[in-house]
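Given next are the chains, with one letter for each unit.
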Amino acid sequence: MAVEFEPMIGRYFMLEVSGKSYRIYMEEAGRGIPLLCLHTAGSDARQFRHILADADITSRFRVMAFDLPWHGKSNPPKDFRNEDYKLTVHGYKAIINAVCSALELESPVVMGCSMGGRIVCHLALENPAYFRAMIALEGADKLEPYYNLDWLYRPDVHGGDVQAAFVSSQVAPTSPDEYRWETLWHYMQGGPGIFKGDLHFYWLDGDFDDRSPQIDTAACPIYLMSGEYDCSCTPEHTLATAQRIKGAKTTIMDGMGHFPMSENPALFKTYLMPVLDEIATIT
Amino acid sequence: MIEEIQRRVNADQALQHRGRWVNLTFVFGIGDDDYLITISAGKITNIRQRHLPTDTGSFSIRASKDSWDKHWQVTPPRDYHDIFAMLPKQIARIDGELLPLMQNLQYFKDIIAKLRDGKGDENGG
């Protein structure tokens, strides 16, 4: 009996960013409007497997999801052993812009989650004319740390275990157990210090509440979508961000946590489809 | 009611296995009442109410009775669904030597969530 392959294709390409060379892994499926997906801190693009496999989406959108350098199957730079990984606003924007350029994307939609949901607003502020729309999942312009990042990277605490245990608090209790633990498995597999380095951007370097009012949502529509049970980027954080971004459209997803696309894909689809339908009509 | 944690944890072989490196006593606070929970190789060997200030544990996890009751609902309300969702909202408090807690964080969240009608073992608290 022949196997039934899933529809996404995974490939590697070389990416030059700020004088460094990275071997990047990406998956894609579908044709149409480019939809670039950005994974959460400390995880990888496997989070988007249900979007990549959904014919209702890939019939209209070219869905692409890549692993950031240092994450998943993308490599760190060749001299990584001499560097402590730390993501910054500048570095994160440079990577996404380089990917868009390398793939020659025209008017892409970018959908990012968590730190990905934060960076899309930075990108919309910087270059609204280029992007068709932004979907910020669990993204806010101002956040506060609620635990010490040093717990994530020290020899006497298992990084994978503690990372999964921390973020399990951000999954809705009603999400299917299978997908809760698949989401947590990705966290158990991150490289040493990578989640901590990502949270430098997410918690310490990524605030832009002072610039949010400057985002031109007429040029680049912004959709903010956050889960009821997200205790990191809470509904309150998202609603406060929406107050500052004039014209942003906000959805609070009942029964959802911090990882909508991977923790409860069926429920997420009910929230996402109306947004994608609207984005598809943008000319 | 607190004693029920012992019965449920000790009946769960997989949870005990995940906690097989845990050998300590910690303080679990429900309102004004502190309880000392002693664990040996992942098995709860004793739960007793604390009466003396010198009788203590490695670390403490405390919240009000009302908060724990919400935490133990089958579908807990947001902010009460996990100890690490309760902490940033100052609904729960932790203190003491946190290293053994962090080394076994999911285990400790799961044993406390065991009072969630028996479903606390695999849902992450």
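Coordinates for the structure precede this section.
Report on the accompanying structure. Fair warning: this is a prediction, and the values are worked out from it, not measured in the lab. (Residues numbered from 1 in each chain as written. Chains lettered and ligands numbered in written order. Predicted model: local features only at pLDDT ≥ 70, side-chain atom pairs only at ≥ 80, totals over all residues. Heavy atoms only, no water.)

## What to know about the overall build of chain B
Stage number 1. Helices and strands together make up the secondary structure of chain B, namely 6 helices and 5 strands.
Stage number 2. Order of helices (α) and strands (β) in chain B, N terminus to C terminus: α-α-β-β-β-β-α-α-β-α-α.
Stage number 3. Computed over the C-alpha atoms, the radius of gyration of chain B is 13 Å, within 12% of the 14 Å expected from 2.2 N^0.38 for a compact globule of 125 residues.
Stage number 4. Counting every position in chain B, which comprises 125 residues, the buried fraction comes to 54%.
Stage number 5. Just so you have it, chain B exposes about 5600 Å², and 48% of that area is on carbon and sulfur atoms.
Stage number 6. For chain B, the distance from the average site of its 17 positive side-chain charges to the average site of its 17 negative ones is 3 Å. (Helix = DSSP H or I, 4+ residues; strand = E, 2+ residues; numbered from the N terminus. Rg over C-alpha atoms; globule rule 2.2 N^0.38 Å. Buried < 20%, exposed > 50% of the residue type's maximum accessible area, 1.4 Å probe, protein only. Areas by Shrake-Rupley, 256 points an atom, 1.4 Å probe, with all protein chains shown as cover. Lys, Arg positive; Asp, Glu negative; His and termini not counted. Charge placed at Lys NZ, Arg CZ, Asp CG, Glu CD.)

## Focus on the side chain of Ser175(A)
Residue and element names in this part refer to chain A.
Stage number 1. Among the secondary structure elements, serine 175 is positioned in the loop between α5 (159-167) and α6 (177-188).
Stage number 2. Of the polar contacts made by the side chain of serine 175, one reaches the side chain of glutamate 263; its length is 2.6 Å.
Stage number 3. Look past the residues within four positions of serine 175 in its chain and what remains in contact with it is Gly255, Glu263 and Asn264. (Polar contact = N/O pair within 3.5 Å; in protein donor to acceptor, adjacent residues only side chain to side chain. Contact = heavy atoms within 4.5 Å.)

## What to know about the packing of α5(A) against α6(A)
Packed helix pairs are specified by the crossing angle of their axes together with the interaxial distance, meaning the distance between the axes.
Residue and element names in this part refer to chain A.
Stage number 1. For the pair α5 and α6, the least separation of the axes is 7 Å and the interaxial angle reads 140 degrees. Classified by the interaxial angle, the pair formed by α5 and α6 is oblique. Note that α5 runs across α6; the crossing there is right-handed. Listed contacts from α6 to Gly160, Gln163, Ala164 and Val167 of α5 are Leu184, Tyr187 and Met188. (Axes fitted to C-alpha atoms, helices over the stretch in contact; angles between N-to-C directions. Parallel < 35°, antiparallel > 145°, perpendicular 65-115°, else oblique. Left-handed = near helix turned anticlockwise from the far one by under 90°.)

## Here's the deal with the packing of α5(A) against helix α6 (residues 105-112) of chain B
Stage number 1. Running from N to C, α5(A) and α6(B) cross one another at 40 degrees; their axes reach a closest spacing of 8 Å. Considering the angle they form, α5(A) stands oblique to α6(B). In this structure, α5(A) uses Val162(A), Ala164(A), Ala165(A) and Phe166(A) to contact α6(B), whose residues at the interface are Leu105(B), Gln106(B) and Lys109(B).

## Considerations on empty space enclosed by the protein
The gaps left among the atoms become clear once a water-sized probe is rolled over them.
Residue and element names in this part refer to chain A.
Stage number 1. Counting across every chain of the model gives 2 cavities of 30 Å³ or more.
Stage number 2. Surrounding the largest cavity, 14 residues form its lining, Gln170, Phe195, Leu199, Tyr202 and His258 being those nearest its centre.
Stage number 3. Of all the elements, helix α7 (residues 194-205) adds the most residues to the lining of the largest cavity, at 4 residues.
Stage number 4. In terms of residue class, the lining of the largest cavity is built from 10 nonpolar, 4 polar and no charged. (1 Å grid on protein atoms, 1.4 Å probe; cavity = no way out; pocket = protein on both sides within 12 Å on 5 of 7 lines; lining within 4 Å. Points joined across faces, edges and corners; volume = space filled by probe spheres on them. Nonpolar A, V, L, I, M, F, W, Y, C, P; charged D, E, K, R; others polar.)

## A look at the pattern of salt bridges
Stage number 1. Throughout the structure, instances matching the rule amount to 29 salt bridges over all chains.
Stage number 2. Taking the shortest distance from any N to any O, the salt bridge between Arg18(B) and Asp110(B) comes out at 3.0 Å. Taken together, the positions of Arg18(B) in helix α2 (residues 13-18) and Asp110(B) in helix α6 put the pair 92 residues apart, joining distant regions of the chain.
Stage number 3. Judged by its relative accessible area of 0%, Asp110(B) is buried.
Stage number 4. A salt bridge links Asp55(B) to Arg48(B); its shortest N-O distance comes to 3.4 Å.
Stage number 5. Linked through salt bridges whose partners overlap, the residues forming this network are Arg11(A), Glu28(A) and Arg62(A). (Salt bridge = Lys/Arg side-chain N within 4 Å of Asp/Glu carboxyl O.)

## Focus: the packing of aromatic side chains
Here the distance between the centres and the angle between the planes together describe a pair of aromatic rings.
Residue and element names in this part refer to chain A.
Stage number 1. A complete count under the given rule lists 20 aromatic pairs over all chains for this structure.
Stage number 2. Aromatic side chains tyrosine 146 and tryptophan 203 sit 5.5 Å apart centroid to centroid with 65 degrees between the ring planes, which places their arrangement in the edge-to-face category. With tyrosine 146 in the loop between β6 (133-137) and α5 and tryptophan 203 in helix α7, this pair connects stretches of sequence that are 57 residues apart. Assigned by exposure class, tyrosine 146 and tryptophan 203 land together as buried.
Stage number 3. Arranged with centres 3.8 Å apart and planes meeting at 5 degrees, the rings of tyrosine 147 and phenylalanine 166 form a pair that is stacked. (Phe/Tyr/Trp six-rings, centres within 6.5 Å; stacked < 30°, edge-to-face > 60°.)

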